[in-house]
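# Results of the structural survey
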Amino acid sequence: MPTLDDVLEHIGEFDRFQKQTFFVLCLLSAAFTPVYVGVVFFGFTPEHRCFSPGVVELSQRCGWSLAEQLNHTVPEWGSHGAAYSSRCSRYEVDWNATGVSCTDPLGSLVGNWSSVPLGPCQDGWVYDYPGTSIVTEFNLVCEDSWKLDLFQSSVNVGFFIGSVIIGYMADRFGRKLCLLITVLINSVSGVLVAFAPSYTWTVIFRLIQGLVSKGGWLTGYVLTAEFVGLSFRRTVGIIYQLAFTVGLLILTAVAYVLPHWRWLQLAVTLPNFFFLLYHWCLPESPRWLITQKQNDKAMEVIKRIAKNNKKQLPPSFQNLKSEDEDGEKLKPSYLDLVRTPQIRKHTFILMYSWFTSSVLYQGLIMHMGLASGNIYLDFLYSALVEFPAAFILLLTVDRIGRRYPWAVANVMTGGACVVTALVPDTLYWLKMTAACLGRMGITMCFEMVCLVNPELYPTSLRNLGVLVCSSMCDIGGIMTPFIVYRLAELWHELPLVVFAGIAVVGGGLVLLLPETKGKTLPETIEDAENMHRQERRKENTIYLQILTSGAVPKI
């Protein structure tokens, strides 16, 4: 019986229909960016200090500049502008008292500077920022700064739980239905975040967004792999992720125009409602339909693809059937991910690779301290470095394969981390070059694990396998701040040394996976189990054919 890849070779592997479908799914990929990294703008923490009643009036009376006002009235401002005392405490004095000196206000109030009492910011804070963020609106600073971590952790917790639930739904009830449900919930919860009346409700709605948004993004990724032919699977996989990078650039521009977080949240959420049009323009995956024994519906989709591509479906393919026609409908099971030896090996290695990619991708950004300068430029630079990584993969994975570029990218990332840690700050250009190479390398690893993950699982387990393995990415996202900030307290470069070890181990493990270059997507568990034997069988078959053709006499 012909496979779907055989049919696509005749009706178009990446023709008009697939290009249209791929384009609308890339829009979904770009729209996922604000949920994944939007906290950079939503949760921006500007320079701040305690609000002290009477300071503004005293400053106006004395004619102080802003710098003079800060030096006179904010603890440790002159020499430690970013110190905890300058941001989270204030002088316990009455600035409205009569007879306050303009040249030495503290001395005229208490006499001795060393005896000036300090107290908490009981009247709130003053933020040096023209816009708003959840930090400035809910005062998530000082003793409450952990609430910003909780805000972002809630998304990663949602990613983790949603990866398992959405993955099962997509394999059990279909890609299209799952995608539409996640789009609807993500859109509604995103609007609710923008109108949340309190911090608690903001976290709750953000958690709901996390439950569905990543699952929807990865379901779209699986659909792109299942609609196109073998020779284009690699290209669409990388470009789908590149659409996410384009979303980074768009998010930067929108955040620059809309510096107020509620308006920004609305601006990046409302376009998601247009994705509900997928109900009419996006068919169900024919691969999934075939595994569910819905052959008639699968043929309808195939004929639709052929019609849009202006190709004729060969008569021999008119009655496409699955290999196990009389078997029971395949139902995905979590145990199937570890039941057989090869799939079990794939699952554990892929889980570690997702974990590694997440920890290093986010950790390198945190360690470079991109937010210390212009937030918009820093975010822009961190996005631009991902484009060369994608182009390198486009040029190598079909020529060399998946495993070796993936392993080299891991080792390059680890080496770059070591160089960045050991090079002194005086050689700033070398340190920054190594840091950029590390960021490029881990971006390649991230894109590679997204590419290879769906190629190693059979159709009935593909979406479940991708989402369960990628759930380790969310565990890594939760752990990364602790790895970076706690280890940096011991030695500033220690996180980079840890990153190097994690990356090198990951580079060795990916070499244990089978090469998927030029191989069709496995349809059954047996196909997935035999992937590492395919090349050997092919070579043996060619060898036998040569012997047979030479042994048979010509007539």
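Up top you'll find the structure we're talking about.
Residues numbered from 1 in each chain as written. Predicted model: local features only at pLDDT ≥ 70, side-chain atom pairs only at ≥ 80, totals over all residues. Heavy atoms only, no water.

### What to know about a nonpolar patch on the surface
Under the convention used in this document: In this scheme, patches are assembled from residues that exceed 30% relative accessible area and form no salt bridge. Like charges are connected within 9 Å, while nonpolar side chains (Val, Leu, Ile, Met, Phe, Trp, Tyr) are connected within 5 Å. Each accessible area value is a Shrake-Rupley result obtained with a 1.4 Å probe; residue values ignore everything except the protein chains displayed when judging cover. Salt bridge, as used here: a side-chain nitrogen of Lys or Arg that lies within 4 Å of a carboxyl oxygen of Asp or Glu. Helix and strand labels come from DSSP, where a helix needs a run of H or I of at least four residues and a strand needs a run of E of at least two; each type is numbered from the N terminus. Between buried and exposed lies partly exposed: a residue is buried under 20% and exposed over 50% of the maximum accessible area for its type, with that area taken using a 1.4 Å probe on protein chains only.
A grouping of Phe 173, Leu 177, Ile 181, Leu 184, Ile 185, Val 188, Leu 192, Leu 270 and Phe 273 is seen on the molecular surface, where their side chains present a nonpolar patch of about 720 Å² in accessible area. Here the nonpolar patch takes six residues from helix α11 (residues 175-194), the largest share from any one element. Here Ile 181 lies in helix α11. For Ile 181, a relative accessible area of 34% puts it in the partly exposed group.

### What to know about the packing of helix α12 (residues 199-227) against helix α13 (residues 230-257)
Operational definition: All axes here are fitted lines through C-alpha atoms, helices being fitted over the stretch that makes contact, and every angle between N-to-C directions spans 0 to 180 degrees. Orientation is classified from the angle alone, with under 35 degrees giving roughly parallel, over 145 giving roughly antiparallel, 65 to 115 giving roughly perpendicular, and any other angle giving oblique. For a crossing to be left-handed, the near helix must be turned anticlockwise from the far one by less than a right angle; the clockwise case is right-handed. Contacts between residues were defined by any pair of non-hydrogen atoms, one from each residue, lying within 4.5 Å. Residue type decides the class: Asp, Glu, Lys and Arg count as charged, Ala, Val, Leu, Ile, Met, Phe, Trp, Tyr, Cys and Pro as nonpolar, and the leftover types, Gly among them, as polar.
The contact between α12 and α13 brings their axes to 9 Å, and the two run at 155°. By the angle between their directions, the pair α12 and α13 is classed as roughly antiparallel. Seen from above, α12 lies across α13 with right-handed handedness. In this structure, α12 contributes Trp 217, Gly 220, Tyr 221, Thr 224 and Ala 225 to the contact, and α13 contributes Arg 233, Val 236, Gly 237, Tyr 240 and Gln 241. Residue composition of the contact of α12 with α13, grouped by class: five nonpolar, four polar and one charged.

### Overview of empty space enclosed by the protein
Convention followed: Cavities and pockets are defined on a 1 Å grid built over the protein atoms alone: a cavity is a set of grid points where a 1.4 Å probe fits but cannot escape, while a pocket is an open set with protein on both sides within 12 Å along at least five of seven lines, and lining residues are those with an atom within 4 Å of any such point. Grid points are joined across faces, edges and corners, and a volume is the space filled by probe spheres set on the points.
Scanning all chains against the criterion turns up five cavities of 30 Å³ or more. As a volume, the largest cavity reaches approximately 260 Å³. Lining of the largest cavity is provided by 15 residues; of these, Tyr 36, Trp 217, Phe 244, Phe 446 and Cys 450 occupy positions nearest its centre. Taken together, the elements giving at least two residues each to the lining of the largest cavity come down to α12, α13, α19 (341-368) and α23 (428-452).

### Considering the pattern of salt bridges
Under the counting rule described, the total for this entry stands at 14 salt bridges. Of the charged contacts in the structure, one is a salt bridge between Asp 128 and Arg 49, with a shortest N-O distance of 3.0 Å. With Asp 128 in the loop between β4 (125-127) and α9 (134-138) and Arg 49 in strand β1 (residues 48-50), the pair connects residues that are 79 residues apart, well separated along the chain. Owing to a relative accessible area of 8%, Arg 49 belongs among the buried residues under this scheme. Linking Arg 462 and Glu 226 is a salt bridge whose minimum nitrogen-to-oxygen distance equals 3.0 Å. On the criterion of sequence distance, the pair formed by Arg 462 in helix α24 (residues 462-490) and Glu 226 in helix α12 is long-range, its members being 236 residues apart. Classification of Arg 462 as buried rests on a relative accessible area of 0%. One salt-bridge network, in which partners are shared between bridges, spans Asp 171, Arg 175, Glu 226 and Arg 462.

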